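Now for the letters of each chain:
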Amino acid sequence: MHVVVTGALVENGAVLLVHRRPTKRAYPDVWDLPGGQVEAGESELQALAREMHEELGVHIVAESASRLGVVHDGSGEDAVHVGVWQIGDWVGSPTNRAPEEHDAIAWVGISELGGLPLVHGVLAAMVHALPQFECAPRHPEVTDCNQGDRGTKADCRACAGTDSSSRWRD
C-alpha cells in the first residue's frame, strides 16, 4: 500500500489546487490538493510539511494543521491511502516549485470545485465541509471514509457514487 498525504490551504474563500501534468503516470491531467508520498520513518504531518515546502515553497504551521479524513483507492499492490489535511496557517506565498509534476496551481472558489476534474470526487465534499466555507456541519462519515469491497466506493455519503482510478501517485 502507498501512503500519501495532501493539504488544503484555504484563503479568502478559495482552496489552492495543483494541476497534474498530462504526462504523469498516476492521475494525469486532473486537479488535486498538493502533497505526495509519506517516506519511511515520517509521520503524515512531517510528510505534509516537507511536501508543502518542496512543491509550493511554504512552511506550514504544524499546530494549525488538522486531519480532514482519509481516501482509500485501489487494491492490492496499487492500493493507496490518502490522508487529507487542512492547513490553517503557513509562512510564504505558494508558487509552483514542482513544474515537473504540476503544470499549474490555482486558487479555486468552493463553487467552482464541482466543475473541475478532480483526482478524487470526495475531495470536493471534504473541502465543502471546511468551516471557512460556512457550509452544513461536517458529518463523521465525510471524515472517516472506509474502502468498500470494490476498491474505490466507500461507505460514506461523501464518497457514494465517486469513481477513481486504482493508479497511485508518482
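Residues numbered from 1 in each chain as written. Predicted model: local features only at pLDDT ≥ 70, side-chain atom pairs only at ≥ 80, totals over all residues. Heavy atoms only, no water.

Caption draft 1: Expanded view of the packing of aromatic side chains. In the structure shown here, the tally under the stated rule is one aromatic pair. A ring pair is formed by Trp90 and Trp107, whose centres lie 6.3 Å apart and whose planes are at 20°; its orientation type is stacked. A residue pair is termed long-range when its members are at least 10 positions apart, and Trp90 in strand β8 (residues 90-91) and Trp107 in strand β9 (residues 102-109) qualify at 17 residues. Given a relative accessible area of 33%, Trp107 falls into the partly exposed group. (Phe/Tyr/Trp six-rings, centres within 6.5 Å; stacked < 30°, edge-to-face > 60°. Helix = DSSP H or I, 4+ residues; strand = E, 2+ residues; numbered from the N terminus. Buried < 20%, exposed > 50% of the residue type's maximum accessible area, 1.4 Å probe, protein only.)

Caption draft 2: Up close: helix α1 (residues 44-56). Its 13 residues place the ends of α1 17 Å apart at the C-alpha level, agreeing with the 18 Å of an ideal helix rising 1.5 Å per residue. Here α1 has its buried residues at Glu44, Ala47, Leu48, Arg50, Glu51, Met52, Glu55 and Leu56. (Expected span 1.5 Å × (residues − 1).)

Caption draft 3: Structural context of the pattern of salt bridges. A full pass over the atoms with the stated rule returns five salt bridges. We note a salt bridge from Arg50 to Glu54, for which the minimum N-O separation is 3.3 Å. Of the two residues, Arg50 and Glu54 both sit in helix α1, four residues apart, roughly one turn of that helix. Residue Arg50 is classed as buried on the basis of its relative accessible area, which comes to 17%. Linked by salt bridges that have partners in common, Glu39, Glu42, Arg50, Glu51 and Glu54 make up one network. (Salt bridge = Lys/Arg side-chain N within 4 Å of Asp/Glu carboxyl O.)

Caption draft 4: Broad picture of the pairing of strand β6 (residues 65-73). Relative to strand β7 (residues 80-87), β6 runs antiparallel, the two being bridged by eight bridges. Looking at β7, one finds that Val70 is bridged to Gly83. Between β6 and β7, which follow one another and run antiparallel, lie six residues, and Gly74 among them has a positive phi close to 75°. (Pairing = 2+ DSSP bridges.)

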